[in-house]
Amino acid sequence: MRFQRSLLAAALSTALALPMTMPFTQAEAATPPNMLVIANRIDDIVSLDPHEMFEFAGTDYANNVYDTLVVFDPADLSSGYQPGLAESWSVSEDGKTFTFKMRSGISFHSGNPVTAKDAEYSLRRVVALEKTPSFILTQFGFNKENMAETIRATDDGTLVITTDKKYAPSFVLNCFTAAVASIVDSKTVQEHEKDGDWGNEWLRTNSAGSGAYKLINWKPNESYSLQAAGDYWRGDVAMQRVIVRHIAESSAQRLLLEKGDVDVARNLSPEDVAGLSSDENVKVEDTLRGRIMYISMNQKDPVLSKPKVVEALKYLIDYKGMEGSFLKGQYTVHQAFLPLTYMGELKDQPYSFDVDKAKALLAEAGEGDGFEVELIVRNAQERVEIAQSLQNTFAQAGITATITQGTGKQILGKYRSRDFQIYVGAWGPDYPDPHTNADTFANNPDNSDEAQLTGKLAWRNAWDIPEMTRRTDAAVQETDAKVRAQMYVDIQKDFQKVAPFAPMFQKVEQNVMRANVNGFNPGAAITAVFYWPVTK
Amino acid sequence: MTDTLGTAGRRRGATPPLFKLARALAATLLSVLLTIIGLLFVTFLIGRVMPVDPVLAIVGERASQEMYEAAYRSLGLDQPLYVQFWIFLKSVAVGDFGMSTLTARPVAEDVLRVFPATLELATLATIIGVCFGVPMGVISAVHEGRWPDHLVRLFGLFGYSMPVFWIGLMGLLVFYGILGWVGGPGRLDIYYEDIIPPVTGMILIDSLIAGDMTIFWNAVSHIILPASILGYYSLAYISRMTRSFMLEQLSQEYITTARVKGLSERAVIWRHALGNVMIPLITVVALSYATLLEGSVLTEVIFAWPGIGQYITNALLSADLNAVLGGTVVVGLVFILLNLLSDLLYKIVDPRAR
Amino acid sequence: MMRAPDTQITRPGLRAWLNSDAPASRFQARMIQLYLGWLKLRGNPLALIGFLIIVALVLMAIFAPWLATAEPSAQDLGQRLLPPGSAGHLLGTDELGRDIWSRIVYGSRITLMIVTLVAVTAPVFGLLVGTLAGYIGGWVDEVLMRVTDIFLAFPKLILALAFVAALGAGIENAILAISLTAWPPYARIARAETLTIRNADYIAAISLQGAGALHIITRHVWPMCLSSLIVRVTLDMAGIILTAAGLGFLGLGAQPPMPEWGAMISAGRKFVLDQWWVATMPGLAIFTVSLGFNLLGDGLRDILDPKKSKS
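Residues numbered from 1 in each chain as written. Chains lettered and ligands numbered in written order. Predicted model: local features only at pLDDT ≥ 70, side-chain atom pairs only at ≥ 80, totals over all residues.

Residue and element names in this part refer to chain A. Across the interface, helix α18 (residues 466-475) lies against helix α19 (residues 481-498) with an axial gap of 9 Å and an inter-helix angle of 160°. Taken as axis vectors, α18 and α19 run roughly antiparallel relative to one another. The handedness of the crossing between α18 and α19 comes out as left-handed. Counting all contacts with α18, which are made through Met-468, Arg-471, Thr-472 and Ala-475, the residues of α19 involved are Arg-484, Met-487, Tyr-488, Ile-491 and Asp-494. Looking at the contact of α18 with α19, its residues break down into five nonpolar, one polar and three charged. (Axes fitted to C-alpha atoms, helices over the stretch in contact; angles between N-to-C directions. Helix = DSSP H or I, 4+ residues; strand = E, 2+ residues; numbered from the N terminus. Parallel < 35°, antiparallel > 145°, perpendicular 65-115°, else oblique. Left-handed = near helix turned anticlockwise from the far one by under 90°. Contact = placed C-beta atoms within 7 Å. Nonpolar A, V, L, I, M, F, W, Y, C, P; charged D, E, K, R; others polar.)

Rendered as structure tokens:
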């Protein structure tokens, strides 16, 4: 029997010794000095075609691989839009014709020069492809039929754009900074066209831009890597390679950062950020982003359509409590639909958590005995926590709320089909102009079910607002910037009083990075991240 | 599957052996084919009744109604169900699972990319499970009712009872975060990515082919923890089954005979008894391997392991029907084939099953 | 996690037991068996521990309102993420300041509900399919077993996920989905048992006396299948709890604020590095209960396996 015992001992000791003898023990690892490694959630990227993509991680990519006619300067975002591939522009007397003068001497990664023809091709491509983000450009009246006249390169250096009516120039130019207005290499893309798809199938997994980086490899839901393209017209590019790795878990991102296996972690939870505060190898940089967290009440619901009930619910949100606890550092209380830093921003916070006031309002509305209501929410952690906090505070006024969580697509499906009571969710602006949010929160030209204006939040909530719709339509045409800003402030003040929306918070992004990383700019509330100014 | 096929063969009685074999083979193939078609059908059905909108997954939140309807038609969703299924069957037959809406790539290509990651992990886990599970099972059986037995069984039951996502998180925290013995989430340190050319898709093998030992050891450091955790589960199952097979063998007469004949205890146990146990054990190992090849969703989520389990789950949650169908079909096929293989092996080796 | 019905072990023992008993005294024999079983359970410390854990779970579920120190969903944002042992919070508090101990106590009800509902649906359905297939044979057998194989070939968690995705998230649907994925192994066991019982002499005798198929199946075949099913169910319980927890972990099981243990781990994983207890406490609870069922199942198999009593 002795041999069995020795075998047992041998098995046990190997099991114990195994990890020790393996050559894993790494010294404090560090990423190579000319490489930027980022942990981020990038599972929302479906396509790398800049004229098709529409999610955060996608626009981050586009901002570094493609250039636009009008750009933002990462060194000074607050100065607004600046000349990009177009070195200058002029607007006609009637405000409908924009003439862009192209910057010369810039080439695409393929070596082809960037010309007005490429710009013409790119913008027409957006219109013809009709992908989701195309509305950002087609709202100026472009369509497949008229694009030959409305988007035109008169020579290699001049692009002329004609809109259907007069718009505020700031509005038009802001839209031209969006990822969807990226200029692609028309020769390269045309080589890959298939069955009139404008090269869409090819560009989904390849790059053809003039930006600081070109794409080396993309593994969906896993990672993408970029390579510096050589001389970049906007400045020196220190990081020769950028790898963005999809890491879903905050704790995993933090471990990787602590170990020095990544340079930047972009999705840390407030608790993990707090846990890192004493680590001197890392630093935290806060940036106000454009995302607004809100709840909305379906006006088809007989109870929720009572104005006093709507008002009462706005007093049943523990804004400060949430901001100070599970949202700490990553959301700030904000009660208007335009993000702070936008033209026309409104800082007023008329609502606070006040159960007595809410109860009084409910009694006035004839709902003093409370009622039952369903909250629908995506199963993303902070949203579920917000929903649970709402459930708790609603209950204090006798309102019994049940929570239904689901995947993004499930919940969105209900929301778009007006099949819900209260929605807990977020909205991010599509382009850095106040019209982006005004158009969705406070504009609803046709409230009928048949209208199917599913892109507008006001329609989804069956909120019928002819007067406010007229005001938002007017604001977008106002050419005087000061007057225009005031118009948005006024709209938001009224919105705060009557809307079945309760904007609650604005997102603060906490990017945590190794102490040697400098110049990492996530793009604030108006644009996406810039990799090329980063040094370390 | 052993039972159905076995009795079917027996019932038919006295036919010439070669003919019998051919018929059994044909029957087996037919039943496998039927199972596969059934698998396809159920998967297809699940995909179609899901209340998640596959169109929204493509067009996104801001899409207008016209865009929505165009995408709806381009997906073929306006066709009747049976037409959709028929189109699906026809394309699957030629290995075309369509495009994934989530990755904008052909599903077949996606599966070829993610499956090797799972294969690598499952294989290593099974090796760990066999190397530790079999000896532990034998020891447990030999010492039946005494402390080594209790120890081994308890160790196995612990493995069975641990929530994998919890042990995964804790393992990552301790062995990577605190001790730094192993690599972190993912298959490689991120800056090693895209360096070696993919041949098999399994980094351990590819790095050996490329002769890059730095990357090989880096890959080992990343795979060892998830493989050990999955291996623990496999070990728990294998040691439990080995133990009961061994107990059965050890009570047989030939063992007594062998002992009486003066064979050493070592020879009796490790050569005779274990030798006979090997056959049913193959089935057990194959089954455990098949289960691991399905991709352990939770382990893959925790370790950011881009395997088939995570792929199917993501696809499912975003209503990427083609990807769900493709992934499930591949996983189901692997399961059916491994089962078939172990059945055949069983029948060839074991005289009683013939 | 594993699917193989290890029928090889129980079947010959059960057959031996069957053959040694005259049909007339079967009930009595089984009672004796049960009593002996209890004696053996007492003699098997591991199984007894398992049994006691299950009893404790049941008691915890029954007396939850008395054992809990707070309302399981009462929030206090000022008292969040307190470590275990803080005043008034034995196991600490979670991300919304809820008492973890109270949530675990109330969560035992959900776990028990999942376990009970699955245990009364999946094996019953499997028994029905298995005995029908085994008893009738022929094409019915072929068809039923093909269907069983199809379900068996599906990845379990993925199949459950698909069902939940189709039916909508929620605890009831999660239970239904788990049952739908759990029945095939039972069908196989029941079929194997039926095949051996069907050919037994005493069944032929009853059949000659004019008993119908229904009578034979319900009165003679089903009772014979029970003990191997019970062992299997007990061993599977751990897997069922873990699957339910896995669904909860992926956000598709119980809906907030239900204190389902898997969902609690899922919420707590965000804090695993600094506030380890938020995920660990429910993790330990799941582990303990799973271990209890495993220990009991393992012991039950020994007890119900007559071959072992011979040695």
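We now examine the confidence of the model for chain B. Residue and element names in this part refer to chain B. Across chain B, the average pLDDT comes to 80, with 88% of residues at 70 or higher. A low-confidence stretch, residues 1-13 stays under pLDDT 50, and its non-local contacts, those more than four residues away or across chains, total 13 contacts. Overall fold confidence for the complex sits at a pTM of 0.82, while the interface term, ipTM, reaches 0.76. (pLDDT = per-residue confidence, 0-100.)

Another aspect to go through is the sheet that holds strand β5 (residues 97-102) of chain A. Residues and elements named next belong to chain A. One open sheet holds the four strands; their spatial order is β4-β5-β7-β6, and the pairing between them is antiparallel. Of all the strands in the sheet, the pair left with one neighbour each is β4 (86-91) and β6 (151-155). Neighbour-to-neighbour, the strand axes of the sheet open up by a mean angle of 25°, direction not taken into account. Relative to strand β7 (residues 158-162), β6 is paired through four bridges, and the arrangement is antiparallel. Bridging across to β7, Ile-151 finds its partner in Ile-161. In the packing of helix α3 (residues 116-129) onto the sheet, the strands contacted are β5, β6 and β7, and the crossing angle to β6 comes to about 170°. (Pairing = 2+ DSSP bridges.)

All names here are of chain C. Summarising the element assignment, Ala-70 is placed in the loop between α4 (64-67) and α5 (100-136). Judged by local crowding, Ala-70 falls into the partly exposed class, with 17 C-beta atoms found within 10 Å. Taking C-alpha positions, Ala-70 is 19 Å from Ala-263, a pair spaced 193 residues apart along the chain. Every residue in contact with Ala-70, bar those within four places of it in the chain, is listed here: Asp-99 and Ser-102. (Buried ≥ 20, exposed ≤ 12 C-beta atoms within 10 Å, placed from the backbone.)

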